Amino acid sequence: MNKLNNCYKASVCDLEDQFICDVDVETSANFITLIFPEGIEKGSWEEGLHITFFDDLKGLVTYKCRLERYTRREKRMAANCILGREQRAVQRRNDMKIRQSVTISIQTQDESGDEITVEGIIKDISAGGILFLSDHPFEMNQTLSFNFDKTDEPLHLECQVIRIQPFKIKVYGEEEERTAYGCRFINLHNSTESVIRSYVFRQDLLMRRKK
């Protein structure tokens, strides 16, 4: 019986956790099918792969898997995925969060209701939201949007401010206190959430390898 019924995306790595690609996932009662991006062909994967599934209910779940019954979907390779031992899991309510320093242009409204664009810097991101710095003052529950171009496909994301807090940074070796805004994503489609989860997971793997 299929253990994953709410999954549409996954990240494929070799057994050394070297990233190979993201794949689309199709599930049925008895099968999990992975559809690879155009240009990706069968590798030397006889020993298996580590595949992290982005399940809407379970969160991030990584299994050691083997692939069989390779077919073609026009120009894309597809294969049935046989789940092996679960390697790790990050529950959705405990979303993985990574530190960042990404400058973004934020669209929001001023006190008069006019549309304005201000600069912000993302300091951390998860599938649930972001923490960012900005010299522009934001209010609790204020909504905003921005484009995030670090993923494979640029995303347009909408947020709501749910937390305002002090945040210390170093400027020319001196510590300064700024204001940070914690936001939750709103109007987030499942497929977009999966893309963010994939990005966060891959960045976390990269940071772990550098340690």
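Anything mentioned here points back to the structure above.
So, here's what we can say about the structure. (Residues numbered from 1 in each chain as written. Predicted model: local features only at pLDDT ≥ 70, side-chain atom pairs only at ≥ 80, totals over all residues. Heavy atoms only, no water.)

1. Re the sheet that holds strand β9 (residues 129-133)
Thought 1: Reading around the circumference, β7-β8-β9-β12-β11-β10 is the order of the six strands in this closed barrel, with antiparallel pairing throughout. Mean inter-strand twist for the sheet, computed between neighbouring axes without regard to direction, equals 45°. (Pairing = 2+ DSSP bridges. Helix = DSSP H or I, 4+ residues; strand = E, 2+ residues; numbered from the N terminus. Axes fitted to C-alpha atoms, helices over the stretch in contact; angles between N-to-C directions.)

2. Looking at the nonpolar core
Thought 1: Ranked by size, the top nonpolar core spans 29 residues in total, and within it I125, I130, L144 and F146 carry the most contacts.
Thought 2: Secondary structure elements with two or more residues in this core: β7 (98-109), β8 (115-125), β9, β10 (143-148), β11 (155-171), β12 (174-186) and α1 (190-210).
Thought 3: The next biggest cluster of nonpolar side chains, apart from the first, holds 21 residues, and it includes A10, V12, I32 and F53. (Core = buried A, V, L, I, M, F, W, Y, C linked by side-chain atoms within 4.5 Å. Buried < 20%, exposed > 50% of the residue type's maximum accessible area, 1.4 Å probe, protein only.)

3. Observations concerning the side chain of T151
Thought 1: Position of T151 among the secondary structure elements: in the loop between β10 and β11.
Thought 2: Among the polar contacts listed, one links the side chain of T151 to the backbone oxygen of E153, at a separation of 2.6 Å. (Polar contact = N/O pair within 3.5 Å; in protein donor to acceptor, adjacent residues only side chain to side chain.)

4. Details of the pattern of salt bridges
Close approach of charged atoms allows side chains of opposite charge to pair.
Thought 1: As enumerated under the stated definition, the model contains eight salt bridges in all.
Thought 2: Ionic pairing is found between R72 and E41, a salt bridge with its closest N-O pair at 2.9 Å. Taken as a pair, R72 in strand β5 (residues 59-73) and E41 in the loop between β3 (32-35) and β4 (49-55) lie far apart in primary sequence, 31 residues in all.
Thought 3: Take R72: its relative accessible area is 45%, and that puts it in the partly exposed class.
Thought 4: Among the residues examined, E41 registers a relative accessible area of 43% and is labelled partly exposed.
Thought 5: The shortest N-O distance in the salt bridge between E193 and R197 comes to 2.6 Å. Here the residue E193 and the residue R197 both occupy positions in helix α1, the gap between them amounting to four residues, near one helical turn. Assigned by exposure class, E193 and R197 land together as buried. (Salt bridge = Lys/Arg side-chain N within 4 Å of Asp/Glu carboxyl O.)

5. Here we look at the packing of aromatic side chains
Thought 1: Scanning all chains against the criterion turns up six aromatic pairs.
Thought 2: Centre to centre, the rings of F36 and W45 are 5.8 Å apart; their planes meet at 20°, and the pair counts as stacked. No difference in accessibility class separates F36 from W45, as the two residues are buried.
Thought 3: With a centroid separation of 5.3 Å and an interplanar angle of 65°, the aromatic rings of F138 and Y181 are classed as edge-to-face. Remark: Y181 occurs in strand β12 and F138 occurs in the loop between β9 and β10; sequence separation between them is 43 residues. We note that F138, like Y181, is buried. (Phe/Tyr/Trp six-rings, centres within 6.5 Å; stacked < 30°, edge-to-face > 60°.)

6. Concerning unusual backbone geometry
Backbone phi values are negative for most residues with the exception of glycine, while trans is the configuration of most peptide bonds.
Thought 1: Positive phi outside glycine occurs at D17, with the angle close to 65°.
Thought 2: Located in the positive-phi region is R69, a residue other than glycine, with phi close to 55°.
Thought 3: Summarising the element assignment, R69 is placed in strand β5.
Thought 4: Judged by its relative accessible area of 56%, R69 is exposed.

7. Structural notes on the pairing of β7
Thought 1: What you see with β7 is a clean split: I98, Q100, V102, I104, I106 and T108 sit on the buried side and R99, S101, T103, S105, Q107 and Q109 on the side with no burial.
Thought 2: Across 10 bridges, β7 lies against β8 in antiparallel orientation. Bridge pairing in β8 places Q107 opposite T117.
Thought 3: Counting the residues that bridge the hairpin from β7 to β8 gives five residues, and of these G113 lies at a positive phi of roughly 90°.
Thought 4: Sheet topology note: the β7/β10 ladder contains two bridges and is antiparallel. Bridged to I106 within β10 is F146.

That's the geometry; what it means functionally is another story.
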